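Remarks on the overall topology
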Amino acid sequence: MDSVNILGVTFSKMTLSDTVKLIQAKLAADTRAETKPFHLITANPEIVMAAKGQPELRRIVDEADLVTPDGIGVVLAAKWQGTRIPERVTGYDMLIRLLEGAAANGFSLYVLGADEETNAKAVGIIKAKYPGVEIAGRHNGFFKGDQENEIVADIGRKRPDLLIVALGAPNAEKWIYKHKSRLNAKVAFGVGGSLDVIAG
Ligand code: UDP
């Protein structure tokens, strides 16, 4: 894959459309590689800087299956290094394009994160607007430590094709990494404040 290293992070140089195609292929595949999801990280400059100082985050970013430039700062940094990144590939854009594509490429979705009202509303809107998406399950993002195990088990039982995690960055990335061997999802990524945007 064509990539560029910016401050120690290996970024994909794929366009949004090509990244969507790649993720759609992962969602359509009938195998779940080692039961671990394909972990996509849409990394903004804050994550790049934080990874420099936090070995835990560094490892998470290094082990991600794909890191895309979420923020014009990353695109510009590539330019200063003499490399061209075609465009930003954000969590929100990825999510919307995948939802739109569900009319032809249906998949099941687990929606984790945001407050209860926002989560429920966003899921309702997704159901109504994108009937090709099967909602496998949902849970809000304000849970106590002792509830975490049950949430992970719920996702694991429901085996969603796609898990989206709205817990803020980099908490979503850390959460996916911590639990990835039990999630039984084909693809997982953090979506920042996307549920708030969808819920309006
Ligand atoms: N969020 C959550 N649990 C938390 C903290 C945040 O579910 O403990 C949700 C929040 O409601 C919002 C999303 O995470 O829907 C993204 O939050 P924020 O905008 O702070 O993150 P960023 O856009 O910086 O990733």
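Data block above holds the structure.
Residues numbered from 1 in each chain as written. Predicted model: local features only at pLDDT ≥ 70, side-chain atom pairs only at ≥ 80, totals over all residues.

**What about the site of the ligand?**
Quick note on the threshold: By definition, a residue lies near a molecule or strand provided its backbone-derived C-beta atom is within 6 Å of it. Classes in brief: Ala, Val, Leu, Ile, Met, Phe, Trp, Tyr, Cys and Pro nonpolar; Asp, Glu, Lys and Arg charged; the others, Gly included, polar.
Ala 114, Gly 141, Gly 168, Gly 192 and Gly 193 are the nearest of the 13 residues found near the ligand. Counted by class, the shell around the ligand contains six nonpolar, five polar and two charged residues.

**A short note on the nonpolar core**
The condition is simple: Think of a nonpolar core as buried Ala, Val, Leu, Ile, Met, Phe, Trp, Tyr and Cys residues chained together by C-beta atoms that fall within 7 Å. Residues with at least 20 neighbouring C-beta atoms inside 10 Å of their own are called buried, those with 12 or fewer are called exposed, and the rest are partly exposed, where every C-beta is derived from the backbone. In this description, any two residues whose backbone-derived C-beta atoms lie within 7 Å of each other are considered to be in contact.
Residues Val 61, Leu 162, Leu 163, Ile 164, Val 165, Ala 166 and Val 187 are the most contacted members of the largest nonpolar core, which totals 58 residues. Among all residues touching Ala 166, those that are not within four sequence positions of it are Leu 112, Gly 113, Ala 114, Gly 141, Ala 172, Val 191, Gly 192, Gly 193, Ser 194 and Leu 195.

**A look at the packing of helix 2 (residues 45-53) against helix 3 (residues 55-63)**
Any two packed helices are characterised by how steeply their axes cross, that is the angle between the axes, and by the distance between the axes. What counts, and what does not: Fitted lines through C-alpha atoms serve as axes, helices being fitted only where they are in contact, and the angles separating the N-to-C directions of these axes extend from 0 to 180 degrees. Working definition: helices are DSSP H or I runs of at least four residues, strands are E runs of at least two. Numbering for both runs from the N terminus. When an angle is under 35 degrees it counts as roughly parallel; over 145 it counts as roughly antiparallel; between 65 and 115 it counts as roughly perpendicular; any other value is oblique. It is the rotation of the near helix from the far one that decides the hand of a crossing: anticlockwise by less than a right angle makes it left-handed, clockwise makes it right-handed.
Where helix 2 meets helix 3, the axes come as close as 6 Å, and the angle between the chain directions of the two elements is 120°. In terms of axis orientation, helix 2 runs oblique to helix 3. Handedness of the crossing formed by helix 2 with helix 3: left-handed. On helix 3, the residues that touch Ile 47, Ala 50 and Ala 51 of helix 2 are Leu 57, Arg 58 and Val 61.

**A closer look at helix 7 (residues 145-158)**
Selection criterion: For a helix, the expected span equals 1.5 Å multiplied by the number of residues minus one.
With 14 residues, helix 7 extends 21 Å from end C-alpha to end C-alpha; this agrees with the ideal 20 Å at 1.5 Å per step. Burial of helix 7 is sparse: only one of the 14 residues sit out of reach of the surface. Residue Arg 159 follows helix 7 closely and has a positive phi angle near 45°.

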